[in-house]
Amino acid sequence: MLVALIRGVEFGKSMEVVCCCSDHRRRQHQCTRIQTVLFREERYKNTSKMASSCCKISPIIPFLVLFLLFVSSVRSVQFNETDRSFRPGKESKKSKFIRAHLARINKPSVKTIQSPDGDIIDCVLADKQPAFDHPELKGQKPLDPPERPKGYATTTGIFEENFQLWSSSDEFCPEGTIPIRRTTEQDVLRASSIQRFGRKIRKPIRRDSSSGGHEHAVGYVTGVEYYGAKASLNVWAPRVANQYEFSLSQIWVISGSFGDDLNTIEAGWQVSPELYGDNYPRFFTYWTNDAYQATGCYNLLCSGFVQTNNRIAIGAAISPISSYNAGQFDISLLIWKDPKHGNWWLEFGNGILVGYWPSFLFTHLREHASMVQFGGEVVNSRVSGQHTSTQMGSGHFAGEGFGKASYFRNLQVVDWDNSLIPLSNLRVLADHPNCYDIRGGINRVWGNYFYYGGPGKNSRCP
């Protein structure tokens, strides 16, 4: 500190600063050297003379040094006090909040598996998972599987089903545990709001507009009571333009008035750099009973969904994925309401029960759904006032067909009698067909199906 101050006052000189001593050691040492400041200007050659003469520095210099030291000390104290009062304090409070939140959702594990994509999968005892932090589930254990809907059949055929990247080494969690993707501090810090981490941005749910920056290309049915839905979803890795946008393909099971009382159950795959920190398509779930305001979350990031399976990690990357004009891969999802206990169950793939949403989480969905939707959704943040280039599905329009456009196939719903039945009144809708579009059809192999998606920003979608 002193070196810098003297350099500011006497820049360009070569001098050795000494100070006379006033204590009892003066008899032993005429003076004590406290600092040496060397400068490179060659025209000053009297360094040794100044060093041999104690306290012969020009009288103005000590006063300037003391003055600058005083000013610097005041500034330093003010800065340090400000820094301590604001920045470290804020960071400390933020860090404590994050640590506490991570402690709630990252439960102690009996085994840990490292995924090739960098994920850490924790094998957590099933009755210690986040769902059982809910007051209505305290002390309980996961329920036994219910009966499948009537007309249910395991899928077979030419389409290979997807699996997850973390299990590519054939390593799984032990019986009695469930695999949970570990949430890191970096995951939380990427969120636009720590309080909203793991939740969707609240948005109006309308299919005749793209209000709220969300755009859709969906097939849907409405008008009667629904007790579930089933479909096979083609899996891709669409490009997402920035961290705060996403692209997903999913099934929605919906009830309510499309206002603040909206209830939804959702499952599918999504690419979300904000939530996961990468561009892999990941298997996900979601739920809310108040239109995304204060309830619900993705995956297992809050108490709600009860997982029962030890081979599927919700939030983990799906592998393999489809390629343009090459191999096509899809996942089958079934959501249905257990007639006996009223809970909504989720099946992934060929007969793999993932878990259930307890009926008490909902208001309208405690009884039944009034609408079912299938399809794609993106966030359009309109950076620089232009439409986003975030892709939906494969990033290609529906008209390109199989191997190029993304698809949903074998669309079915569950009726009041717990029977899987084909759709009879499927409607399709795209908010912005010049950006993302959809085309439906029906045949004997795929039943009800549609192609959908698009590139986002293009010559017809500025």
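A. How the structure looks around the nonpolar core. Residues Trp357 and Phe374 are the most contacted members of the largest nonpolar core, which totals 92 residues. No other element matches strand β17 (residues 369-379), which puts six residues into this core.

B. Fine view of the packing of aromatic side chains. Under the defined criterion, the tally for this structure stands at 19 aromatic pairs. Considering the side-chain rings of Phe408 and Phe450, the 5.0 Å spacing of their centres and the 20 degrees angle between planes classify their relative orientation as stacked. A residue pair is termed long-range when its members are at least 10 positions apart, and Phe408 in strand β18 (residues 406-414) and Phe450 in strand β22 (residues 447-453) qualify at 42 residues. Side by side, Phe408 and Phe450 carry an identical accessibility label, which is buried. A centroid spacing of 6.0 Å and a plane angle of 75 degrees characterise the contact between Tyr449 and Tyr451, whose relative ring orientation is edge-to-face. Each member of the pair, Tyr449 as well as Tyr451, is classed as buried. Here the aromatic residues Phe402, Tyr407, Trp446, Tyr449 and Tyr451 are joined through ring pairs into a cluster of three or more. Its guanidinium or amino end placed over the ring of Phe172, Arg311 lies 3.7 Å from that ring's centre, counting from NZ or CZ. Looking at Arg460, its charged tip hangs above the ring of Phe397, at a distance of 5.2 Å from the centre.

C. Layout of unusual backbone geometry. Along the chain, Ser319 connects to Pro320 via a cis peptide bond; the corresponding omega equals 0 degrees. Following the sequence through the fold, Pro320 ends up in the loop between β13 (318-319) and β14 (330-337). In this structure, Phe258 takes a positive phi of about 65 degrees despite not being glycine. Looking at where Phe258 falls in the secondary structure, it is placed in the loop between β9 (247-255) and β10 (263-271). For Asn410, which is not glycine, the phi torsion reads 50 degrees and is therefore positive. Looking at where Asn410 falls in the secondary structure, it is placed in strand β18. Residue Asn410 is classed as partly exposed on the basis of its relative accessible area of 24%.

Procedures and definitions
- Residues numbered from 1 in each chain as written.
- Predicted model: local features only at pLDDT ≥ 70, side-chain atom pairs only at ≥ 80, totals over all residues.
- Heavy atoms only, no water.
- Core = buried A, V, L, I, M, F, W, Y, C linked by side-chain atoms within 4.5 Å.
- Buried < 20%, exposed > 50% of the residue type's maximum accessible area, 1.4 Å probe, protein only.
- Helix = DSSP H or I, 4+ residues; strand = E, 2+ residues; numbered from the N terminus.
- Phe/Tyr/Trp six-rings, centres within 6.5 Å; stacked < 30°, edge-to-face > 60°.
- Lys NZ or Arg CZ within 6 Å of the ring centre and 35° of its normal.

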